[in-house]
Amino acid sequence: MSNIIEKFSKYLESIEYPKSKTSWNIAGIIKGQNAFYKFDVRDMFTLPDGTPAQSGRTDSKADKMVLEMKDKWVILDLEELHQYIKKNKLKKVYVNDLISKLEWTIFLAKK
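Residues numbered from 1 in each chain as written. Predicted model: local features only at pLDDT ≥ 70, side-chain atom pairs only at ≥ 80, totals over all residues. Heavy atoms only, no water.

Among the residues making up helix α2 (residues 78-87), those that are buried are L78, E80, L81, H82, Y84 and I85. Next to the buried residues of α2 lie β6 (64-68), β7 (72-77) and α3 (95-101). (Buried < 20%, exposed > 50% of the residue type's maximum accessible area, 1.4 Å probe, protein only. Helix = DSSP H or I, 4+ residues; strand = E, 2+ residues; numbered from the N terminus. Contact = heavy atoms within 4.5 Å.)

In structure tokens form, the structure reads like this:
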């Protein structure tokens, strides 16, 4: 199991892992909430200009994409993200733009 998945798992209850290779890494309920989600949790990478980035697929089986920031986790709703990308005909989106444009973003302060 990757270190980032292990770190994020501390924020979940009723954890499940995929039984075969798929587009989500961990599923569960965010502590203090009641909805069960499949999460795409992967380390971000850095673009040549130093901007942190994450790649994703529009056919993902995950419900949420998890991004690790210095002091918090940012959880994006993938259905909302895919609709935003299609509606605006985008190939690249920037996390800071998404935070202000998407309604279902969840922030979890790191412990």
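Let us keep going from here.
Within the structure shown, the criterion is met by five aromatic pairs. Seen from their ring centres, Y37 and F39 are 6.1 Å apart, and the 75° between their planes marks the pair as edge-to-face. Judged by its relative accessible area of 21%, Y37 is partly exposed. Of the residues examined, F39 reaches a relative accessible area of 0% and is grouped as buried. Taken together, the ring pairs in this structure connect F8, Y11, Y37, F39 and W73 into an aromatic cluster. Directly above the ring of Y11 sits K111, whose terminal nitrogen or CZ lies 4.8 Å from the centroid. (Phe/Tyr/Trp six-rings, centres within 6.5 Å; stacked < 30°, edge-to-face > 60°. Lys NZ or Arg CZ within 6 Å of the ring centre and 35° of its normal.)

The strand order across the open sheet built from six strands is β1-β2-β3-β6-β7-β8, with neighbouring strands paired in mixed fashion. Since the sheet does not close on itself, it has two edges, and those belong to β1 (12-16) and β8 (106-109), each with one partner. Taking the axes of each pair of neighbouring strands and ignoring which way they run, one obtains an average angle of 35° across the sheet. Of the strand pairs in this sheet, strand β2 (residues 26-30) and strand β3 (residues 36-41) are connected by four bridges, and their pairing is antiparallel. Within β3, the position partnered with I26 by the bridge is F39. Sheet contacts for α2: β6 and β7; angle to β7, the most-contacted strand, approximately 65°. (Pairing = 2+ DSSP bridges. Axes fitted to C-alpha atoms, helices over the stretch in contact; angles between N-to-C directions.)

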